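# Commentary on secondary and tertiary structure
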2 protein chains.
Amino acid sequence: MSRLRFRISISLDGFVAGPEQSVRHPLGIGGERLHHWATALAAWRGAHGMEGGEINASTAVMEESLVNIGATVMGRNMFGGHPGGWSTSEPWNGWWGDEPPFHHPVFVLTRHPRSPLVLGDTRFHFVTEGIHVALEQARAAAGGRDVALAGGAHAARQYLAAGLVDEMELHLVPILLGGGERLFDQLGDDLHGLSLVRTVATPAVVHLKFERLHGARGPLR
Amino acid sequence: MSRLRFRISISLDGFVAGPEQSVRHPLGIGGERLHHWATALAAWRGAHGMEGGEINASTAVMEESLVNIGATVMGRNMFGGHPGGWSTSEPWNGWWGDEPPFHHPVFVLTRHPRSPLVLGDTRFHFVTEGIHVALEQARAAAGGRDVALAGGAHAARQYLAAGLVDEMELHLVPILLGGGERLFDQLGDDLHGLSLVRTVATPAVVHLKFERLHGARGPLR
């Protein structure tokens, strides 16, 4: 069965983006500190067409997260930027330039209909019918492989609240951001059966892997 | 040098007590779930005069936290309960009954002067002159050993904000509480040199030990 796999970097104080997100600071003030552990890795750099980088205990976690993904779903904020940007004469085409690193279909949650966008070997589909339809379409496109939930926090919270996330990997970065966007907000006290199954630690990041236990399936599987 | 060592159990969503704290629910609704990992341990039960319990990877962490502590500082809320309770005819003597588990001097931050209270072999001192004086008095009483910062969150935040915490162990419990008291709030983005030095994980709790790095001492050592 195709699983919905969510991974995100989060600060010790619970933020997945810093304060004052903007086009200039898409990750918020200081938010790039959440990703230093990843961008330093050879495994990440290779997947993004760059050379060099470190090999450490995070390498296997990063490699695992890239395996067997056939499609990605993401929220409007993750795709990018400024409200109304799509209606300008220069349409917004995401943060990733001409060669996005996905290499598989990406389904973007939005309220604004738009034709698919092809950049390199990544095709972006824009889904206006909500999280369930986006996941169905992504599963169909994934051809039996898993679907990655790329964030941002708002989209992730919707999938978590609906009990649709099968695997959640939190990359807990031992820093404070002091403000920004929280992942766990308005979710109540229910992880919908997600239980901690593995921890991998380095001084720069602690990887906390959660899986939905057998018998605790989401409502719509 | 006597070090200030802080440890606390915290939920995945950042709460160290659940919502709606009261005399009936001193840990807030669901807050007791933060402590199941500890109260299940033989090491904790033995320190609290109880028999039985588990031995697992948390045991060494618990035992380490109990070693070389000569005094404890705690906030008014940790000592206990209801505002004004001390002025009733039945003075509030803490949550711990006639035999508190400290067995060393405890310094309680408060705005209400009160004579020392002796229960079993624990003497509670009530300090009205603020966090620095309480820490000085605790250090003097500790006789060269370390001082434990027992919480609650409000007192801990004051010591963290002042850069006075030398060691912080977060017992991260992989649950959501959905509300309550946050540890990391109003602290900005500054951990005052505290860096992650050790991680120990079980399915029930992930112990994250932070220490102040050499050269990053607090301002008042």
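Preceding this paragraph is the structure being described.
Positions within a chain are numbered from 1, following the residues in the order the chain's sequence is written. Whichever chain is written first becomes A and whichever ligand is written first becomes 1, with later ones labelled in order. Note on the predicted model: pLDDT of at least 70 is required for a residue's local features to be given, and 80 or more for side-chain atom pairs to be given and counted; whole-chain, interface and lining totals, by contrast, use all residues. Calculated side-chain values reflect all of the structure's heavy atoms, with hydrogen atoms and water omitted.

### Things to note about the interface of chain A and chain B
Interface size is commonly expressed as the accessible area that is lost once the parts come together. The cut-off we apply is this: Every residue pair with non-hydrogen atoms within 4.5 Å of one another is taken to be in contact. Buried area: the accessible area, evaluated with a 1.4 Å probe, that two parts lose upon being put together, summed over both parts. Salt bridge, as used here: a side-chain nitrogen of Lys or Arg that lies within 4 Å of a carboxyl oxygen of Asp or Glu. Each polar contact in these results corresponds to two N or O atoms within 3.5 Å; when the atoms are within protein, one needs to be able to donate a hydrogen and the other to accept it, and residues that are neighboring in sequence are counted only if both atoms are side-chain atoms.
Counting residues at the interface gives 26 residues for chain A and 26 residues for chain B. Its largest share of buried area at the contact with chain B, chain A owes to Leu 12, Leu 176 and Leu 196 of chain A, together 29% of the area lost on that side. Our count for the contact surface shared by chain A and chain B stands at zero salt bridges. For the pair chain A and chain B, the number of links is zero residue pairs in polar contact (both at pLDDT 80 or more).

### Focus on the relation of the copies chain A and chain B
Here is the rule we go by: The superposition of copies rests on a least-squares fit of C-alpha positions from residues with pLDDT of 70 or more in both.
Overlaying chain A on chain B yields an RMSD of 0.0 Å, the required transformation being a rotation through 180 degrees with an accompanying axial translation of 0.0 Å. Both copies of the chain, as the preceding transformation shows, are related through a two-fold rotation axis. Across chain A, the smallest distance between a C-alpha and the rotation axis is recorded for Gly 14 of chain A, namely 3.3 Å. Mapped onto chain B, 100% of the interface residues of chain A again fall at the interface, so both copies present the same surface.

### Focus on the environment of Thr 39 of chain A
Residue and element names in this part refer to chain A. Cut-off, in case you're wondering: Secondary structure elements are taken from DSSP: a helix is a run of H or I of four residues or more, a strand is a run of E of two residues or more, and numbering for both begins at the N terminus.
Relative to the assigned elements, Thr 39 resides in helix H1 (residues 36-39). The sequence separation of Thr 39 and Glu 54 amounts to 15 residues, and the corresponding C-alpha distance is 9.2 Å. The residues contacting Thr 39, other than those within four sequence positions of it, are Trp 44 and Arg 45.

### Some words on helix H5 (residues 131-142) of chain B
Residues and elements named next belong to chain B. Put simply, the rule reads: By this rule the span expected of a helix is its residue count minus one, scaled by 1.5 Å. Burial classes: relative accessible area under 20% of the type maximum marks a residue as buried, over 50% as exposed, and values in between as partly exposed (1.4 Å probe, protein chains only). By arc we mean the arc of the directions from the helix axis to the C-beta atoms, nothing more.
Taking 1.5 Å as the rise per residue, H5 with 12 residues should run 16 Å; its terminal C-alpha atoms sit 16 Å apart, in good agreement. Residues Ile 131, Ala 134, Leu 135, Ala 138, Arg 139 and Ala 142 constitute the buried set of H5. Considered in projection along H5, the buried side chains sweep an arc of 135 degrees and stay on one side of the axis. Opposite the packed face of H5, turned more than 90 degrees from it, sit the exposed residues Glu 136 and Ala 140.

### Comments concerning empty space enclosed by the protein
The rolling of a water-molecule-sized probe over the atoms marks out the regions of remaining empty space. Going by this rule: Cavities and pockets were defined on a 1 Å grid built from protein atoms only: a cavity is a group of points that admits a 1.4 Å probe but offers it no way out, a pocket is an open group of points flanked by protein on both sides within 12 Å along at least five of seven lines, and a lining residue is one with an atom within 4 Å of any such point. Grid points are joined across faces, edges and corners, and a volume is the space filled by probe spheres set on the points. Each residue gets one of three labels, nonpolar for Ala, Val, Leu, Ile, Met, Phe, Trp, Tyr, Cys and Pro, charged for Asp, Glu, Lys and Arg, and polar for the others, Gly among them.
Throughout the structure, instances matching the rule amount to four cavities of 30 Å³ or more. Forming the boundary of the largest cavity are 21 residues, of which Leu 12 and Gly 14 of chain A together with Ser 11, Leu 12 and Gly 14 of chain B lie nearest the centre. Of all elements in the fold, only strand S1 (4-11) and strand S8 (167-173) of chain A together with strand S1 (4-11) and strand S8 (167-173) of chain B reach the threshold of two or more residues within the lining of the largest cavity. Considering only residue class, the lining of the largest cavity consists of 13 nonpolar, four polar and four charged.

### Here's the deal with the pairing of strand S10 (residues 194-201) of chain A
Residue and element names in this part refer to chain A. For the record, the criterion: For two strands to count as paired, DSSP must find a minimum of two bridges between them.
Relative to strand S11 (residues 206-212), S10 runs antiparallel, the two being bridged by seven bridges. Considered in S11, the bridge of Leu 194 is made with Arg 212. Counting the residues that bridge the hairpin from S10 to S11 gives four residues.

### Regarding the side chain of Asp 13 of chain A
Our working rule: Counted as positive: Lys and Arg. Counted as negative: Asp and Glu. His and the chain ends are not counted at all.
Relative to the elements of secondary structure, Asp 13 of chain A occurs in the loop between S1 and strand S2 (15-17). Buried and without a salt bridge, Asp 13 of chain A has Arg 182 of chain A as its closest oppositely charged side chain, separated by 6.4 Å. In terms of polar contacts, Asp 13 of chain A uses its side chain to reach the side chain of Ser 11 of chain A, at 2.5 Å. Ignoring any residue separated from it by four or fewer positions in sequence, one finds Asp 13 of chain A in contact with Ile 175, Leu 176, Leu 177, Gly 178, Gly 179 and Arg 182 of chain A together with Phe 184 and Gly 188 of chain B.

### Regarding the nonpolar core
We count it as follows: Joining through side-chain atoms within 4.5 Å is the link that ties buried Ala, Val, Leu, Ile, Met, Phe, Trp, Tyr and Cys residues into a set, and such a set is a nonpolar core.
Among the nonpolar cores identified, the biggest contains 78 residues, and Tyr 159, Met 168 and Phe 184 of chain A together with Tyr 159, Met 168 and Phe 184 of chain B are the most heavily contacted of them. Dropping the residues within four chain positions of it, Met 168 of chain B is found in contact with Leu 12 of chain A together with Phe 6, Leu 160, Phe 184, Leu 191, Leu 194, Leu 208, Lys 209 and Phe 210 of chain B.

### Here we look at the sheet that holds S1 of chain A
Residue and element names in this part refer to chain A. Keep this limit in mind: Orientation is described by lines fitted to C-alpha atoms, with helices fitted over the stretch in contact, and by angles between N-to-C directions that extend from 0 to 180 degrees.
Taken in spatial order, the nine strands make up an open sheet running S5-S6-S4-S3-S7-S1-S8-S11-S10, and their pairing is mixed. Only two strands of the sheet have a single partner each, and these edge strands are strand S5 (117-119) and S10. Shown here is a sheet whose adjacent strand axes are inclined to one another by a mean of 20 degrees, direction ignored. In terms of strand pairing, strand S3 (residues 69-74) meets strand S4 (residues 106-109) through three bridges, oriented parallel.

### So, the layout of surface pockets
Counted as a void, the second largest pocket has a volume near 1,500 Å³. Lining the second largest pocket are 44 residues, with His 35, Met 78, Trp 96, Phe 102 and Ala 150 of chain A positioned closest to its centre.

### Observations regarding the packing of aromatic side chains
Rule in force here: In this scheme Phe, Tyr and Trp rings, the latter by its six-membered ring, pair at centre separations within 6.5 Å, and the angle between planes marks the pair as stacked below 30 degrees, edge-to-face above 60, and tilted otherwise.
Scanning all chains against the criterion turns up 12 aromatic pairs over all chains. Aromatic pair Trp 96 of chain A and Phe 102 of chain A: ring centres 5.1 Å apart, planes at 80 degrees, arrangement edge-to-face. Trp 96 of chain A gets classed as partly exposed once you look at its relative accessible area, which sits at 23%. Look at Trp 96 of chain B and Phe 124 of chain B: their rings are 5.9 Å apart centre to centre, the planes differ by 20 degrees, and that puts the pair in the stacked class. Taken together, the residues span a long stretch of sequence, with Trp 96 of chain B in the loop between helix H4 (76-79) and strand S4 (106-109) and Phe 124 of chain B in strand S6 (residues 122-127) at a distance of 28 residues.

### Focus on the sheet that holds S8 of chain B
All names here are of chain B. The strand order across the open sheet formed by nine strands is S5-S6-S4-S3-S7-S1-S8-S11-S10, and the pairing between neighbours is mixed. Of all strands in the sheet, those with a lone pairing partner are strand S5 (117-119) and strand S10 (194-201), marking the two edges. With direction set aside, neighbouring strand axes in the sheet form an average angle of 20 degrees. In this structure, strand S3 (residues 69-74) lies alongside strand S7 (residues 146-149), joined through four bridges in parallel fashion. By the bridge assignment for S7, Val 73 is matched with Leu 149. Sitting on the sheet, H5 touches S1, S3, S4, S6 and S7, and the angle it makes with S3 is about 160 degrees. Here helix H6 (residues 153-161) sits on the sheet and contacts S1, S3, S4, S7, S8 and S10; the angle it forms with S1, its principal contact strand, is near 130 degrees.

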